[in-house]
Amino acid sequence: MKKAELMDYDKALELFEPVLGFEVHVELNTKTKMFCGCANEFGQGANTNTCPTCLGLPGGLPQVNAKAIESSIRLGLALGCEIAEYSRFARKNYFYPDTAKNFQTSQYDEPIAFNGQLTIELESGRLVTVDIERAHMEDDAGKLTHVGGATGRIQGADYSLVDYNRGGVPLVEIVTQMIEGGEADSPEIGRTYVAAIREIVKALGVSNARMEEGNVRCDANVSLRPRGSNVLGTRTETKNVNSLRSVERAVRYEIQRQAALLHAGGTITQETRHWHEDTGITSAGRPKSDADDYRYFPEPDLVPVAPSREWVEELRATLPEPPAARRKRLQAEWGFANLEFQDVVNSDLLDVVEATIAAGAAAQAARKWWTGEVARLANASGVSADSLVQPAQVAALIELVVAGTLTDRLARQVLEGVIGGEGTPLEVVESRGLAVVSDDGALIAAIDEALAAQPDVLAKIRDGKVQAAGAVIGAVMKAMRGQADAARVRELVLERAGAAE
Amino acid sequence: MTNVIKLSAADLSGLLVERSISSVEVTQAHLDQIAAVDTGVHAFLHVAGEAALAAAARVDARRAAGEVLGPLAGVPIAIKDVLATIDMPSTAGSKILEGWIPPYDATVVRRVRDAGLILLGKTNMDEFAMGSSTEFSAYGPTHNPWDYDRIPGGSGGGSAAAVSSFEAPLALGSDTGGSIRQPAAVTGSVGVKPTYGGVSRYGSIALASSLDQVGPVTRTVLDAALLHDVIGGHDPLDSTSLTDTWPSMAAAARAGLADGALTGVRVGVIKELSGDGFQAGVAQRFTETLTLLSAAGAEIVEISAPSFEYAIAAYYLILPAEASSNLARFDSVRFGIRVNPEDGPLTSERVMAATRDAGFGPEVKRRIILGTYALSAGYYDAYYGSAQKVRTLIQRDFDAAFSKVDVLVSPSAPTTAFKFGEKMADPMAMYLNDVTTIPANLAGVPGMSLPMGLAPEDGLPVGLQIMAPAKMDARLYSFGAAVEALLEASWGHTLLSRAPELARREMFAGTATSTAFTSTEGAV
Ligand SMILES: [Zn+2]
């Protein structure tokens, strides 16, 4: 696949107005699948979490997962949607081997949630309100693995394997209205919108929200309208965009690709396109037209879902603070600068920092430890920072530093001990014998020795050049094998040298 | 002892409970009858002799150990091949499922097993229950025990033929547009389509999800009620299953035998389901039955159901539409036969197409094409949408009717059993055969067919259809049992006792011909 002709981004925007639309699929983290009692979990042997219903065996029948309905309603509410009083499932008919029944049980003209709004804030501070057309429930397809052939795609494969463990996993598909006026911010709008959805489903606890595991998947629709025209351009639907950065890149790529094509007198084919993370390009997939006929009809095997208004209100009362509002509040409470706060948010550390502060740590110290040492260690071992250590332990560690029991350097060693499973910070301090030496006697002896060894330094200090003390402090710290409080050493050096600050 | 196979399930139950006969003996007697006559009848696609005898021995052992079992424990039953059975092939009469043994039991099958019934085997049917004659079975037609040249009805011709040829006292059927009731009518047996949602559909290979209903196929109303009590009731695996608690149907049937059970019962006769298009002998037996009912104290009321006129048209849009989607799963990927295209590349699409081409018969293909078309964008509103509106109108007709009467009656089918091949060339003629039974499916109300005599012109059974309001299945049984008793009292015998004695021959001894039995065409 070679990269298409691309137009310079600024020029593309000069000539065309991008129009966007997003379909975000959220995999719910219910215990069981959407329409059967099979476990909704990954990592099992192929086709182990299956039954007659999700395998589409003759005679299998669906049963609706009540928790999935609840999660869908809560998600709908969090997106500012109206919740249908009467909602029905519909069959979307098409043949594909990953779809066991050869129809997807989805919703068509009677979705559970509709008419919502989500306001997102771009890095520039620009607020963009995205209209949500609908959020509907459906079941996921199985997973195809194409074996043989160079690309891992179905073309050229020798054979394909199907794993139906994912088949029937509950999904909510969130469909936006057309987003106009995004202009040069369009790619960022894509990224920020998907990030906001991800943040919301995480805050609601309805999804594991890990994009890398496909819990949140985005299809990005992009079309270009020539400046001065009010006719919409032909859109493409880029699938398989499974990271925030990719959403941004894919939108940008499509704008540049379509602009070049249109400018050269070409036409855009209405089609699905595949996003290639590695090369950063999209490639043509299946031609798609509005005439695609899925022969939707109401699912006769399921009764309509008619959530009572009381229940909807009960669920509304369980909604967490909207993530955007929460972020605003926390940044103000913690007094973080924008960059500091962004660092926490982008590293996905908001929850743990909040918990660490709640456990008694100062805000800046909590931020510094999580975005610094913990993140570094997590990075090194390829795991997420919040999986490495509990906020309470980080708070305890910070407390030891504040109390002067540990220097920063010692605290880093203690953190490694805690992560290594050696116990609480205090236990690690004791078992490793890492506490700061606070016996001034030992320190004074070391200082006197160091001063005697460097008479020139001593002379400079006495002359008032207190910065010269650094050399002595270094020697003392070395002698104490780092187990001394550098601030106290400095105090004592100046004192012993007879200098006054 | 009288011939065991001629006994009703209720009578067998009595003998089994008092242990004057063993389930093994009862089961063996029926297996012997199958061996003797099924070469001619061809009611069964699969006979599970050894498993049946082993199950019977277990029931006998439990009873011998003093365990108190349900009334039908130890009584044999035949299962329509549309139902998933974990230990027997389940083909729905289709080549595409040849040899397929499901990894699970349908809920009704499990309930029947749990109640101690003995599964004899699987019965023949039109492919995927599409047909009124079993001529569309991929495994050859079933013959009507009353005349081997004639159809046993369909789609459940196998189950009806099994009970009417005394191969089994009980059978399970499924009824989408009459597949239980019409075969019952043309074989002189009893068949019940319960209220939609009254019996679980889980494990019943779907034809049209909003119309299908599993029900009993028997020789007496009480037997049907006993079986209904076993299979009915809520099943969480079927979302359309009603959560109501149901009264005992057997108790209702017994109540129907009380003196004066028919007094004051308002019986509605549907104007639109009589007159033109009904065979003379069918109309005659129906009129005579009404006279008997009237004499027994029932009030006969003429009812008009104007929307019934559109029932067949609506049905043949809704059914193919749902079927086209339900049958999409037969794609060779997970189960069933797989056929590779003769030439060209082996893509999944082409293998699916080749498999479906080879695996589906002509009627199935016809309905898939009809249904696919009816659901297509641009046609949906005109076809599927309009059909659903007709459905609502038919439900309103039923509501209006049941505000005036307790039950509705009509002939179960316009004609007696027709000859093989008579309607094969003309799908419309075949479809019109369901005119009487389809409205109940469209409205979800329960319906029963029971024998009301033999047509004078051909000596073949005629069925009376009874319909009751939704969820009032018990009323069907009490009224049906009363009518059955009334008719039998007027005849002095049961209808099936007039059935020809089937030539007993060993299995595989030769092909059946119409001369393989002695006709006893008697006036009834
Ligand atoms: Zn399952």
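About the criteria used
Residues numbered from 1 in each chain as written. Chains lettered and ligands numbered in written order. Predicted model: local features only at pLDDT ≥ 70, side-chain atom pairs only at ≥ 80, totals over all residues. Heavy atoms only, no water. Helix = DSSP H or I, 4+ residues; strand = E, 2+ residues; numbered from the N terminus. Contact = heavy atoms within 4.5 Å. Areas by Shrake-Rupley, 256 points an atom, 1.4 Å probe, with all protein chains shown as cover. Lys, Arg positive; Asp, Glu negative; His and termini not counted. Charge placed at Lys NZ, Arg CZ, Asp CG, Glu CD. Pairing = 2+ DSSP bridges. Axes fitted to C-alpha atoms, helices over the stretch in contact; angles between N-to-C directions. Buried < 20%, exposed > 50% of the residue type's maximum accessible area, 1.4 Å probe, protein only. UniProt positions renumbered as here; feature names shortened; annotations may be inferred. Buried area = accessible area lost by both parts, 1.4 Å probe. Salt bridge = Lys/Arg side-chain N within 4 Å of Asp/Glu carboxyl O. Nonpolar A, V, L, I, M, F, W, Y, C, P; charged D, E, K, R; others polar. Parallel < 35°, antiparallel > 145°, perpendicular 65-115°, else oblique. Left-handed = near helix turned anticlockwise from the far one by under 90°. Expected span 1.5 Å × (residues − 1). Arc of directions from axis to C-beta. Donors = N, O, S within 2.8 Å, 3.2 Å for Na, K, Ca; no water. Tetrahedral: all angles 85-135°; square planar, octahedral: opposite > 155°, others 65-115°.

(A) Quick look at the overall build of chain B. Along chain B, the regular secondary structure elements total 16 helices and 13 strands. With respect to the three principal axes, the spread of C-alpha positions in chain B is 70 × 55 × 50 Å. In chain B, the proportion of contacts linking residues at least 24 apart, taken out of those at least 6 apart, comes to 76%. Put simply, chain B shows about 17,600 Å² of open surface, and 56% of that area lies on carbon and sulfur atoms. Counting 39 positive and 55 negative side-chain charges, chain B places the centres of these two groups 4 Å from one another.

(B) Quick peek at the sheet that holds strand β3 (residues 90–93) of chain A. Read across the open sheet, the 3 strands follow the order β4-β3-β14 (chain A); overall the sheet is antiparallel. Because the sheet does not close on itself, it has two edges, and the strands there are β4 (103–106) and β14 (297–298) of chain A. Looking at chain direction, β3 of chain A and β14 of chain A are connected through 2 bridges and run antiparallel. From the neighbouring strand, Arg91 of chain A faces β14 of chain A, where its bridge partner is Phe297 of chain A. Its contacts with the sheet put helix α10 (residues 311–326) of chain B on β3, β4 and β14 of chain A, and the angle it makes with β3 of chain A is roughly 60°.

(C) Broad picture of the pairing of strand β5 (residues 190–193) of chain B. All names here are of chain B. The side-chain alternation of β5 yields two buried faces, one formed by Val190 and Val192 and the other by Gly191 and Lys193. Here 2 bridges tie β5 to strand β6 (residues 214–218), and the two strands are oriented antiparallel to one another. Bridge assignment links Val190 to a residue of β6, and that residue is Thr218.

(D) Main features of the UniProt feature "active site" (unreviewed entry) in chain B. Residues and elements named next belong to chain B. This chain's UniProt record puts "active site" (unreviewed entry) on Lys80, Ser155 and Ser179. These annotated residues cover 100 residues of sequence, and their C-alpha atoms all fall within 10.8 Å of one another, placing them together at a single site. Locating Ser155 in the fold gives a position in the loop between β3 (118–123) and α5 (157–164). Ser155 sits in the buried class, given a relative accessible area of 0%.

(E) The arrangement of the interface of chain B and chain A in detail. In this assembly, 37 residues from chain B lie in contact with 31 residues from chain A. Summing both partners gives a buried area of about 2,700 Å² for chain B against chain A, and 59% of it is carried by carbon and sulfur. Broken down residue by residue, the surface that chain B buries against chain A is led by Ser239, Arg329 and Arg334 of chain B, which jointly contribute 23%. Between the two partners, chain B and chain A, sit 1 salt bridge. Arg201 of chain B serves as the salt-bridge partner of Asp301 of chain A, at 3.0 Å between the closest nitrogen and oxygen. The biggest single contributor to the side of chain B that touches chain A is α10 of chain B, with 4 residues. Split into classes, the residues belonging to the side of chain B that touches chain A amount to 19 nonpolar, 11 polar and 7 charged.

(F) Quick look at the packing of helix α9 (residues 363–381) of chain A against helix α10 (residues 391–402) of chain A. All names here are of chain A. It is at 10 Å that the axes of α9 and α10 come closest, and there the two elements cross at 110°. As judged from the angle between their axes, α9 and α10 are roughly perpendicular. The handedness of the crossing between α9 and α10 comes out as right-handed. Contacts between α9 and α10 pair Ala365, Ala366, Trp369, Trp370 and Val374 from the former with Pro391, Val394, Leu397 and Ile398 from the latter. The residue makeup of the contact of α9 with α10, split by class, is 9 nonpolar, no polar and no charged.

(G) Region of the structure containing helix α12 (residues 362–374) of chain B. All names here are of chain B. A rise of 1.5 Å per residue sets the reference length of α12, with its 13 residues, at 18 Å; its end C-alpha atoms lie 18 Å apart and thus fit the reference within 8%. Glu363, Val364, Arg367, Ile368, Gly371 and Ala374 are the residues of α12 that are buried. Down the axis of α12, the smallest arc covering the buried residues is 135°, so these residues share one side. Turned more than 90 degrees away from the buried face of α12 sit Pro362 and Ile369, all of them exposed. The elements touched by buried residues of α12 are α10, α11 (348–359), α13 (381–402) and α14 (427–432).

(H) Region of interest: the coordination of the zinc ion. All names here are of chain A. For the zinc ion, the full set of protein donor atoms is Cys36 (SG), Cys38 (SG), Cys51 (SG) and Cys54 (SG), and the range of their distances to it is 2.3 to 2.4 Å. In this structure, the zinc ion is coordinated by 4 donor atoms arranged in tetrahedral fashion, with angles at the metal of 101 to 114°. In the primary structure, the donors to the zinc ion are separated according to the pattern C-x1-C-x12-C-x2-C. Pair check on accessibility: Cys51 and Cys54 agree, each one buried.

(I) Representation of the sheet that holds β6 of chain B. Residues and elements named next belong to chain B. If you walk across this open sheet you meet the 11 strands as β1-β3-β2-β4-β6-β5-β10-β11-β9-β7-β8, and the pairing is mixed. Two strands lie at the open edges of the sheet, namely β1 (44–47) and β8 (299–303), each paired on one side alone. The sheet shows a mean angle of 30° between the axes of neighbouring strands, taken without regard to direction. As paired strands, strand β2 (residues 76–80) and strand β4 (residues 170–174) are joined by 3 bridges and run parallel to one another. For Ala78, the partnering residue across the bridge sits in β4 and is Ala171. Along the sheet face, helix α7 (residues 221–231) touches β2, β4, β5, β6 and β10 (447–454) and points at about 150° away from the line of β6. Those strands touched by helix α16 (residues 473–491) are β5, β6, β7 (266–270), β9 (407–411), β10 and β11 (461–467), and its axis lies near 5° from that of β10.

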